[in-house]
Amino acid sequence: FDHSLANYPRKYIVTVAWDASSHESASFSWLSYAYAITHMGSLCGHVHRVVAYSGLLLSTKLFPRLQFSLDAFDLLHSLLIRTSIDALLRLCDKLPWKPEFAQELKML
């Protein structure tokens, strides 16, 4: 605890819970959620900031303008994302050592 800040009031969030029965004033948009999760993911080091914000830009600005159907988006995701990750994981399986990130990706 930094005692030099002891005179400033601090607010802590202990538990946050939300579900469909929550009051409407407590609701949020999925866009707000995407921004929050991207920001937290990059701040906590789970994803590189450039990758996080590039993905956010694509998913919130570009993809909605292209008006993909769910099937078209699923095909695009399969070709670009799943195929790339599967190829990377196959490559990692052939390595004499097992990178930690590969094990984490497999769990997803």
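Bear in mind the structure is a predicted one, so any value in this text is a computation, not a measurement.

Side note on the overall build of the chain
Next, step 1: Summing up its helical and strand segments, the chain has four helices and zero strands in all.
Next, step 2: Going residue by residue from the N terminus, the α and β elements of the chain occur as α-α-α-α.
Next, step 3: Among the 108 residues that make up the chain, the fraction classed as buried is 10%.
Next, step 4: Relative to all contacts within the chain whose residues are 6 or more apart in sequence, the contacts with residues 24 or more apart total 9%.
Next, step 5: Surface accessibility of the chain: about 9700 Å² in total, with carbon and sulfur atoms responsible for 64%.

Brief notes about the pattern of salt bridges
Next, step 1: For the structure on display, the rule yields one salt bridge.
Next, step 2: Its salt-bridge partner being R82, residue D74 comes within 2.7 Å of it at the nearest N-O pair.
Next, step 3: Owing to a relative accessible area of 38%, R82 belongs among the partly exposed residues under this scheme.

A look at the packing of helix α3 (residues 70-94) against helix α4 (residues 100-107)
Next, step 1: With their axes 10 Å apart at the nearest point, α3 and α4 run at an angle of 130° to one another. With respect to α4, the axis of α3 lies oblique. For α3 against α4, the interelement crossing comes out left-handed. On α4, the residues that touch I85, L88, L89, C92 and D93 of α3 are F101, A102, L105 and K106.
Next, step 2: Of the residues assigned to the contact of α3 with α4, the class counts are seven nonpolar, no polar and two charged.

What about unusual backbone geometry?
Next, step 1: The phi torsion at Q67 lies on the positive side, around 50°, for a residue other than glycine.
Next, step 2: Position of Q67 relative to the elements: it lies in the loop between α2 (49-66) and α3.

Definitions and limits used
- Residues numbered from 1 in each chain as written.
- Predicted model: local features only at pLDDT ≥ 70, side-chain atom pairs only at ≥ 80, totals over all residues.
- Heavy atoms only, no water.
- Helix = DSSP H or I, 4+ residues; strand = E, 2+ residues; numbered from the N terminus.
- Buried < 20%, exposed > 50% of the residue type's maximum accessible area, 1.4 Å probe, protein only.
- Contact = heavy atoms within 4.5 Å.
- Areas by Shrake-Rupley, 256 points an atom, 1.4 Å probe, with all protein chains shown as cover.
- Salt bridge = Lys/Arg side-chain N within 4 Å of Asp/Glu carboxyl O.
- Axes fitted to C-alpha atoms, helices over the stretch in contact; angles between N-to-C directions.
- Parallel < 35°, antiparallel > 145°, perpendicular 65-115°, else oblique.
- Left-handed = near helix turned anticlockwise from the far one by under 90°.
- Nonpolar A, V, L, I, M, F, W, Y, C, P; charged D, E, K, R; others polar.

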